[in-house]
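Below are the chains, spelled out letter by letter.
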Amino acid sequence: MKRRLYEMADCIFCKIKDQEIPNYKVYEDDKVYAFLDMSQVTKGHTLIIPKKHVSDIFEYDDQLAMDLSTRIPKIARALRTAFPEMEGMNIINNNGEVAYQSVFHSHVHLIPRYGKEDDFSMHFGDHSEQCSQDEMTQTAQIIKAQVN
């Protein structure tokens with residue numbers, strides 16, 4: 001528990017939502033806080049955080065997941081209205097250092113896309129040839145057995 005309190009006290013996103021660090025707020029209610037990412041990967045790049053400090057998706061309960069997920073479309077629509085030249089949007093949630101999470105207060109990136117040359121990219125490798133139907137069935141069954 002002591003480690004957890006230290007993480008919250010030292011958390012840059014907690015300090016941002018508490019107005020201890022200057023930021024560019026775009027939305028706030030009693031459950032979530034949204035602000036511009038300082039990197040501005042593309043114009044309007046916004047982060048949405050739960051006000052409750054949780055490190056990653058694995059710490060969410062059902063209510064927190066609902067609170068955050070219901071705000072995402074609202075803010076996405078606001079970005080689309082603000083930037084009508086936007087052609088699409090990436091919505092990204094990284095969990096764990098290996099998944100490129102660098103701030104360990106859960107957050108969702110809304111990255112407006114203005115075209116294929118807007119300096120943002122993602123790569124999904126295709127390893128389908130390495131997986132047999134039996135392996136895919138077994139993997140699905142293993143996961144399915146763990147869903148509560």
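### Here's the deal with the pattern of salt bridges
Then step 1. Counted by the stated rule, this structure contains seven salt bridges.
Then step 2. The salt bridge involving Lys25 is made with Glu28; its shortest N-O contact spans 2.9 Å.
Then step 3. The partner of Asp118 in a salt bridge is Arg113, and the shortest N-O contact between them spans 2.9 Å.
Then step 4. Residue classification places Asp118 among the buried positions, given a relative accessible area of 13%.
Then step 5. Through salt bridges with shared partners, one network takes in Lys25, Glu28 and Lys51.

### Notes on the sheet that holds strand E5 (residues 108-113)
Then step 1. If you trace the five strands from one edge of the open sheet to the other, you get E1-E2-E3-E5-E4, paired in antiparallel fashion. Two strands lie at the open edges of the sheet, namely strand E1 (25-28) and strand E4 (88-92), each paired on one side alone. Between one strand and the next, the sheet's axes are offset by a mean angle of 15 degrees, whatever the strand orientation.
Then step 2. Pairing of strand E3 (residues 46-50) with E5, which is carried by three bridges, proceeds in the antiparallel orientation. If you follow Ile48 over to E5, its bridge partner there is Val108.
Then step 3. Here helix H3 (residues 62-82) sits on the sheet and contacts E1, strand E2 (32-36), E3, E4 and E5; the angle it forms with E3, its principal contact strand, is near 160 degrees.

The rules behind the values
- Residues numbered from 1 in each chain as written.
- Predicted model: local features only at pLDDT ≥ 70, side-chain atom pairs only at ≥ 80, totals over all residues.
- Heavy atoms only, no water.
- Salt bridge = Lys/Arg side-chain N within 4 Å of Asp/Glu carboxyl O.
- Buried < 20%, exposed > 50% of the residue type's maximum accessible area, 1.4 Å probe, protein only.
- Pairing = 2+ DSSP bridges.
- Helix = DSSP H or I, 4+ residues; strand = E, 2+ residues; numbered from the N terminus.
- Axes fitted to C-alpha atoms, helices over the stretch in contact; angles between N-to-C directions.
- Contact = heavy atoms within 4.5 Å.

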